[in-house]
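# Secondary and tertiary structure notes
One letter stands for each residue in the lines below.
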Amino acid sequence: MSQSWLAASLAIAISVVALPAMAQLPGSDVDARPDPTLTCHVGVYRLGDGGWVDVAPLVNQGLKWRRLDGSTARMILGAEGRWVSTLGSTNRIEGPQPQLGACGEGRIRFEGQWGDRMTLDTRDTTFIGQAGARLNGRLILPPGDGPVPIMIEVHGSEGSNALDFNAFQRFAPASGVGVFVYAKRGSGGSEGHYTQDFHILAEDAAAAVVEARRLAGARASRVGLHGASQGGWVAPLAADRTPVDFVIIGFGLAYGVLSEDSDQVVMNLEAKGWGGDVLEKARLITDVTGAFVASHGAVGFEGLEAVRARYRAEPWFADIKGEFTGLLLNAPNEQIIAMASQLENGPSWDYDPLPVLSSLDAPMLWVQAEDDMGAPPAATRRRLIDLSAKGRPITLLEYPDTDHGIVRFETAHDGSRTSLGYAPGYFEAVLDWARTGRLDGAYGDGRILARALSTSAASGSVR
């Protein structure tokens, strides 16, 4: 999750011995673009039954459709100009096979009905973020002139330009909820250098809240922050800097960054069947690797070399993964040195979100994946339930049998997972919280594990 840039950078360094030190910058996907020959199809289409289907670009090539119920598929242009949809992220041709009209026509044929691309109230802008950086943003409102809730979309760890790739900016307005989306510093023409410093990013997000209110004017009713993954650290920090009416966190963490890697290492080893004695040793190893990255490499290699020498021959050593620990243990020191300078752009290693979460008064919805391998949920679940019980305005909704992104998945023989689509009810829960600050009714098989006392003292399954 948060350290994915480090994993990617080290992986490239390992595979390319002669890699120059700055060839692979963190957030190197800031220059990712959709296929220009396909962007004419991007949009949200209103179907004859009143529902919608969103068509989004993928990085570099291809399209993806999704619906409010969480169903989704990749779209590939096949023979004779016909589109083929593969279920979720699989390669299986299953489910609806929508067909797009000619480029620029703005039409889609979906399950026997035609849909037309919606025209939304879209306003581009430039606003000033932290340290005077000019950031490119966009406000998208539902058609009409009445007041609407507005979600400010807070990036995850990706560097790719949200103006191109954020899908909520289309289907949320199609569902009556406005969205403000902006290009993270260093991407999409926004000034500044790419960074994962939570405090800098929170200042940018807080400025986005102010700009969204200014642009929307009288159309703004409830205005809040919606952050996913790494955005789960940034959005509450931003809410601590500027007043908001709500906060929504998807598949984020309520504890510090280094613990994420440590919990992933333990989860991976448990999945391999290793017992408590091995897990205890693994925690000692992640203490060492965590100290290394938190110091930006200043603590030196002595600790890494010591744990390598002590445990390399152990049968479980090769099963250590995590966000960065497995890579640090297996990368030669000279390749780590080549990447060390990039640690300056990394996340806020020493950040603990507890003080902020303990003081925020804005109603918070946390949506968690029960089987999240990217953001292990157990410690976050305990902390959020405890905070809610102490009277903090926190509601926790958890989806069983889902992974990072609140996606359903299938598991291969080697343990790898492939997304089948989003959990039914997930999108509705996010949109309802933006509208009302409440969860009323059922949201698929999501279970409410904690409910803000201001909403209801009860907890349990959503009913």
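It should be noted that the structure appears before, not after, this text.
Counting restarts for each chain: residues are numbered from 1 in the order of the written sequence. For a predicted model such as this one, the threshold for reporting local features is a pLDDT of at least 70, and the threshold for listing and counting side-chain atom pairs is 80 or more; totals across whole chains, interfaces and linings nevertheless cover every residue. Calculation of side-chain values draws on the structure's entire complement of heavy atoms; hydrogens and water are dropped beforehand.

### A short note on the overall build of the protein chain
Strands are runs of DSSP state E lasting at least 2 residues, helices are runs of H or I lasting at least 4, and numbering of each runs from the N terminus. Counting secondary structure elements, the protein chain contains 13 helices and 21 strands. Note on definitions: a residue-residue contact is assigned when non-hydrogen atoms from the two residues lie within 4.5 Å. Taking the intrachain contacts of the protein chain between residues at least 6 apart in sequence as the baseline, contacts between residues at least 24 apart amount to 65%. Accessible surface is estimated by sampling points in the Shrake-Rupley manner with a 1.4 Å probe; for residues, cover comes only from the protein chains shown. Summed over all atoms, the accessible surface of the protein chain reaches about 18300 Å², with 52% contributed by carbon and sulfur.

### Focus on helix H5 (residues 231-239)
With 9 of its 9 residues buried, H5 lies for the most part within the structure. Burial in H5 covers these residues: Gly231, Gly232, Trp233, Val234, Ala235, Pro236, Leu237, Ala238 and Ala239. Whether a residue is buried, partly exposed or exposed follows from its accessible area with a 1.4 Å probe, protein chains only, as a fraction of its type maximum: under 20%, in between, or over 50%, in that order.

### A word on the sheet that holds strand E7 (residues 107-110)
Two strands form a pair only when DSSP identifies at least two bridges running between them. One open sheet accounts for 8 strands, arranged E5-E4-E3-E2-E1-E8-E7-E6; its pairing is antiparallel. A strand with exactly one partner marks an edge of an open sheet, and here the two such strands are strand E5 (83-87) and strand E6 (99-100). Across 4 bridges, strand E1 (residues 43-47) lies against strand E2 (residues 52-57) in antiparallel orientation. Counterpart to tyrosine 45 in the pairing with E2 is valine 53.

### Overview of empty space enclosed by the protein
Throughout, the protein atoms alone are placed on a 1 Å grid, and a set of points is a cavity if a 1.4 Å probe fits but cannot get out or a pocket if it is open with protein on both sides within 12 Å along at least five of seven lines; lining residues have an atom within 4 Å of a point. Grid points are joined across faces, edges and corners, and a volume is the space filled by probe spheres set on the points. Taken as a whole and assessed by the stated rule, the structure comprises 3 cavities of 30 Å³ or more. Considering only enclosed or pocket space, the largest cavity measures out at about 70 Å³ in volume. Residue lining of the largest cavity: Val154, His155, Gly156, Tyr182, Lys184, Leu201, Asp204, Gln230 and Val234, and that is the complete set. Any residue outside Ala, Val, Leu, Ile, Met, Phe, Trp, Tyr, Cys, Pro, Asp, Glu, Lys and Arg is labelled polar, Gly included; the first ten of those are nonpolar and the last four are charged. Each residue belonging to the lining of the largest cavity can be placed in one class, and the counts come to 4 nonpolar, 3 polar and 2 charged.

### Remarks on the state of the cysteines
Disulfides are covalent bonds that connect the sulfur atoms of two cysteines. In this description, a disulfide is simply a cysteine sulfur pair whose atoms lie within 2.5 Å. Tallied over the full model, the rule gives 1 disulfide. Each disulfide pairs two cysteine sulfurs, and for cysteine 40 the partner residue is cysteine 103, the sulfurs being separated by 1.8 Å. Taking the torsion about the sulfur-sulfur bond, which here is approximately -130°, the covalent link between cysteine 40 and cysteine 103 counts as left-handed. Of this pair, cysteine 40 sits in the loop between helix H1 (4-15) and E1 while cysteine 103 is found in the loop between E6 and E7, placing the two residues 63 residues apart along the sequence. In this structure cysteine 103 comes out as exposed when scored by relative accessible area, which is 52%.

### Comments concerning the pattern of salt bridges
Salt bridge, as applied in this entry: a Lys or Arg side-chain nitrogen positioned within 4 Å of an Asp or Glu carboxyl oxygen. Within the structure shown, the criterion is met by 21 salt bridges. The shortest N-O distance in the salt bridge between arginine 107 and aspartate 116 comes to 2.8 Å. The class of aspartate 116 is partly exposed, set by a relative accessible area of 40%. Three or more residues are tied together by salt bridges with common partners; here these are Asp54, Arg66 and Arg170.

### Details of unusual backbone geometry
Here the phi dihedral of glutamate 111 falls at roughly 50°; this positive angle occurs in a residue that is not glycine. What makes glutamate 111 exposed here is its relative accessible area of 57%. Of note in the backbone geometry, alanine 131 takes a positive phi value of approximately 60° without being a glycine. When you line up the elements, alanine 131 lands in the loop between strand E9 (121-128) and strand E10 (134-141). The exposure class of alanine 131 is exposed, given its relative accessible area of 73%.

### Notes on the nonpolar core
Core analysis: the biggest nonpolar cluster contains 58 residues, and Ile150, Ile152, Phe180, Leu225, Val247 and Trp366 have the highest contact counts within it. Ranked by residues supplied to this core, first place goes to helix H4 (residues 198-216) with 10 residues. Apart from residues no more than four positions distant in its own chain, isoleucine 150 is found in contact with Leu139, Leu141, Gly178, Val179, Phe180, Ala216, Ala220, Arg222, Val223, Gly224 and Phe246. Take the buried Ala, Val, Leu, Ile, Met, Phe, Trp, Tyr and Cys residues and link them wherever side-chain atoms come within 4.5 Å; each set so joined is a nonpolar core. Counting 40 residues, the second-largest nonpolar core is a separate cluster that includes Ala162, Val367, Leu439 and Tyr443.

### Structural notes on helix H7 (residues 276-294)
The span expected for a helix works out to 1.5 Å for each residue beyond the first. Relative to the 27 Å expected for 19 residues at 1.5 Å per residue, H7 spans 26 Å between its end C-alpha atoms, a close match to the ideal helical length. Listed in full, the buried residues belonging to H7 are Val278, Leu279, Ala282, Ile285, Thr286, Thr289, Gly290, Phe292 and Val293. Down the axis of H7, the smallest arc covering the buried residues is 145°, so these residues share one side. Facing away from the buried side of H7 by more than 90 degrees, the exposed set consists of Gly276, Asp277, Glu280 and Asp287. Just downstream of H7 lies histidine 296, where phi reads positive at about 60°. Starting at the helix axis, one direction is taken to each C-beta atom, and the arc is that of these directions.

### Considerations on the layout of surface pockets
The computed volume of the largest pocket comes to approximately 1300 Å³. Counted by class, the lining of the largest pocket contains 17 nonpolar, 15 polar and 6 charged residues. As a volume, the second largest pocket reaches approximately 380 Å³. For the second largest pocket, the lining is made up of 14 residues, of which Asn268, Ala271, Met373, Gly415 and Ser416 are closest to its centre. The greatest single-element share of the lining of the second largest pocket, amounting to 4 residues, is contributed by helix H6 (residues 257-271). Tallied by class, the residues present in the lining of the second largest pocket amount to 3 nonpolar, 5 polar and 6 charged.

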